[in-house]
Amino acid sequence: MVKLNSLLQYFSLGQSSFQSTMSVSNLTAVAIAAHTLPVLPYSYSSLEPYISSQIMELHHSKHHQTYVDNLNAALSSYLTALLNYDIPAQIRLQSIIRFNGGGHINHSLFWRNLAPSETPEADPVASAPQLVNEIERTWGGLDEFKKAFAQTALGVQGSGWCWLVGKHDGRGGLQLAIVTTKDQDPLVEDGVRPLLGVDMWEHAYYLQYLNGKAKYLDNIWNVINWKTAEERFLGTSREAF
Ligand SMILES: [Fe+2]
């Protein structure tokens, strides 16, 4: 028999809140309710003129919401498949969970590494002195880093993301690197910490920039939240993931 404790542990739920007699349907309901769309810490229009209000509203309330809904549905089905010993269904669902769970993680990280341009958070020197120092040490300057980032980001084929990450160097520090990920693959491997990400899916820029990906990348630096990036770099960030 499947042990209820193991299932609860799998979904990171505390046993104390639940009765061991909880039904399968109740457990499924728990899984459905597990993830919600995060509230943005700024309005849809506050990143203009660099990211339009229309893009922000669609991107957050439609695209991200769909990832959340699909993730919850897939987790619910996965739980049922576990309880039914349905291994083929479990295997089929893994790619759906990866895609939609990745979409939920990536967008949640993305919203928090954006900020209105007039706020102190958008000033890299004021808000991210230690990260900027490490960027300058790695790439020779902030402008050189942005050029390298754009070059890598423009190399994304199809849909994906470009990230500034810190890789654990084995001596307690982080080695900065620019990496891309395909589709909604999340950065979940051990020793890699996402510091800031830029969504390179067409839904992130096309309504405003059409095929002008380079201009989108130029402009997005005006609304990057460097305070969040600094906190992630220093390991003091309170992320949901
Ligand atoms: Fe997106």
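Above this text is the structure in question.
Right, let's walk through the structure included here. All figures in this text were calculated on a predicted structure; none of them were measured in a lab.

This brings us to the overall build of the protein chain. A tally of helices and strands in the protein chain yields ten helices and three strands. Order of helices (α) and strands (β) in the protein chain, N terminus to C terminus: α-α-α-α-α-α-α-β-β-β-α-α-α. Expressed as a percentage of its 241 residues, the buried residues of the protein chain come to 30%. Restricting the contact set of the protein chain to residue pairs at least 6 apart, pairs at least 24 apart contribute 68%.

Turning our attention to the environment of Leu 176. With respect to the element layout, Leu 176 can be found in strand S2 (residues 174-182). Put simply, Leu 176 and Ile 135 are 41 residues apart on the chain and 7.3 Å apart in space, counted from C-alpha to C-alpha. Not counting residues within four places of it along the chain, the set of residues in contact with Leu 176 comprises Glu 134, Ile 135, Thr 138, Leu 164 and Gly 166.

Ordered in space as S2-S1-S3, the three strands form an open sheet in which the pairing is antiparallel. Across the chains shown, the open sheet's two edge strands, defined by having one partner strand only, are S2 and strand S3 (192-199). Averaged over all adjacent pairs, the angle separating strand axes in this sheet is 25°, with direction ignored. Here seven bridges tie strand S1 (residues 160-168) to S3, and the two strands are oriented antiparallel to one another. Counted as the bridge partner of Trp 163 is Gly 197 from S3. Its contacts with the sheet put helix H4 (residues 87-112) on S1 and S3, and the angle it makes with S3 is roughly 80°. Sheet strands in contact with helix H10 (residues 226-234) are S1, S2 and S3, and its direction is about 160° off that of S3.

Our focus in this paragraph is unusual backbone geometry. Omega for the peptide link from Glu 48 to Pro 49 comes to 5°, which places this bond in the cis form. Among the structural elements, Pro 49 can be located in the loop between helix H2 (24-32) and helix H3 (53-83). Phi at Asp 183 is positive, roughly 50°, even though this residue is not glycine. Tracing the backbone through its elements, the reader meets Asp 183 in the loop between S2 and S3. Overall, Asp 183 belongs to the partly exposed group, with 14 C-beta atoms counted inside 10 Å. The backbone of Leu 210 sits at a positive phi, close to 50°, despite the residue not being glycine. Along the chain, the position of Leu 210 falls in the loop between helix H8 (206-209) and helix H9 (213-220).

Moving on, we get to the environment of Val 125. Along the chain, Val 125 falls in helix H5 (residues 124-127). Between the C-alpha atoms of Val 125 and Lys 227, which are 102 residues apart in sequence, the distance is 9.8 Å.

Conventions adopted
Residue positions within a chain follow its written sequence, with the count starting from 1. Residue-level local features of this predicted model are given only where pLDDT is at least 70; pairs of side-chain atoms are given and counted only at 80 or more, and the full residue set underlies all totals for whole chains, interfaces and linings. Every helix listed is a DSSP run of H or I at least four residues long, and every strand listed is a run of E at least two residues long, numbered separately from the N terminus. In this scheme the burial state of a residue depends on its C-beta neighbours within 10 Å: 20 or more other such atoms mean buried, 12 or fewer mean exposed, and anything in between means partly exposed; the C-beta positions come from the backbone. Contact between two residues is assigned when their C-beta atoms, built from the backbone, lie within 7 Å. Two strands make a pair as long as DSSP finds a minimum of two bridges between them. Fitted lines through C-alpha atoms serve as axes, helices being fitted only where they are in contact, and the angles separating the N-to-C directions of these axes extend from 0 to 180 degrees.

No statement about biological role is implied by the geometric values presented.
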